[in-house]
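Summary of structural features
In case you want the letters, here they are:
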Amino acid sequence: MIVAIDGPAATGKSTSAKLVARKLGFTYMDTGAMYRCVTLSVLRGHISLTDEQAIKLLLKDVDIQIEMIEDALIVRLNNEDVSMLIRKPKVTSHVSAVSALPQVREHMVTIQRQIGENKDCVIEGRDIGTIVFPNAKFKFFLVADDFVRAKRRQLDLKAIGEEKSIDDLVEEIRRRDTYDSERSHSPLKKADDAIELDTSQLSIEEQVDFMVNRVKNY
Ligand code: DC
């Protein structure tokens, strides 16, 4: 069974999706982390986003492994632990452009379908309920107020030793939403049959309970 959790950045998707997976005993997949790994590789290789051949070669060489160890999500890129590196501002500021490339999306979607197929899986991203698993049994679409999201992002960054002002973060979040929503290939969009959940006033526990109860009471 697939539980798809989509929505814009900093709506509490990652934190709640991990807990929903744990409570249901399902595998957890963070597709944003996968796009972040590709972005890190592109940056390290100084690859131009218009060089289709170079991107094709890079995708062939990229091996991404994602594993939950206790409460921590460990992301390995070709066997290197990049869990912290992929959350750095440099990666964040380039990930929308990289993830808008049709070549990159096609490759990632194929991998995501292979991982999720025939498994009980909670998958979070932007296009899970619309493109990756349009037949997912449960689809949630999380939204939240921009300032609440900026505050949450500020706390996430603090945890990895980065400082940013709320104004800068609001601007960054809005820019990324616009980019993710307006790209021509599988844009960020609520699936018609997704349940929308505004998390602005909710604690993580309340978000998790809402989703787990929906699944359990089905
Ligand atoms: O959830 P996140 O912030 O880690 O995602 C990083 C970026 O990856 C986000 O700006 C858009 C992109 N993304 C995507 O295009 N499709 C997904 N399924 C997941 C993420």
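You'll find the structure just up there.
The notes below deal with the structure included here. These figures come from a predicted structure and were not determined experimentally. (Residues numbered from 1 in each chain as written. Predicted model: local features only at pLDDT ≥ 70, side-chain atom pairs only at ≥ 80, totals over all residues. Heavy atoms only, no water.)

Put simply, the largest pocket is a space of about 1,000 Å³. For the largest pocket, the lining is made up of 43 residues, of which Ser14, Arg36, Arg87, Arg153 and Asp156 are closest to its centre. At the level of elements, helix 1 (13-24), strand 2 (27-30), helix 2 (31-44), helix 4 (89-99), strand 6 (121-125), helix 7 (146-159), helix 8 (166-182) and helix 9 (204-216) are the ones that each hand at least two residues to the lining of the largest pocket. Per-element accounting of the lining of the largest pocket gives the leading share, 6 residues, to helix 7. Class assignment of the residues belonging to the lining of the largest pocket gives a composition of 15 nonpolar, 12 polar and 16 charged. (1 Å grid on protein atoms, 1.4 Å probe; cavity = no way out; pocket = protein on both sides within 12 Å on 5 of 7 lines; lining within 4 Å. Points joined across faces, edges and corners; volume = space filled by probe spheres on them. Helix = DSSP H or I, 4+ residues; strand = E, 2+ residues; numbered from the N terminus. Nonpolar A, V, L, I, M, F, W, Y, C, P; charged D, E, K, R; others polar.)

With that out of the way, let us pick up the packing of aromatic side chains. According to the stated counting rule, one finds 2 aromatic pairs in the structure shown. Judged by centre distance (5.4 Å) and plane angle (85°), the ring pair of Phe138 and Tyr218 falls under edge-to-face. Within this pair, whereas Phe138 is found in strand 7 (residues 138-143), its partner Tyr218 is found in the segment after helix 9, the two being separated by 80 residues in sequence. Between Phe140 and Phe210, the ring centres sit 6.3 Å apart and the planes meet at 70°, which makes this aromatic pair edge-to-face. (Phe/Tyr/Trp six-rings, centres within 6.5 Å; stacked < 30°, edge-to-face > 60°.)

Another aspect to go through is the sheet that holds strand 5 (residues 80-81). Pairing is antiparallel across the open sheet formed by 3 strands, whose spatial order is 3-4-5. Edge positions in the open sheet fall to strand 3 (64-69) and strand 5, since each of these has one partner strand only. Inspection of the sheet shows strand 3 paired to strand 4 (residues 72-77) by 6 bridges, in the antiparallel sense. By the bridge assignment for strand 4, Gln65 is matched with Arg76. (Pairing = 2+ DSSP bridges.)

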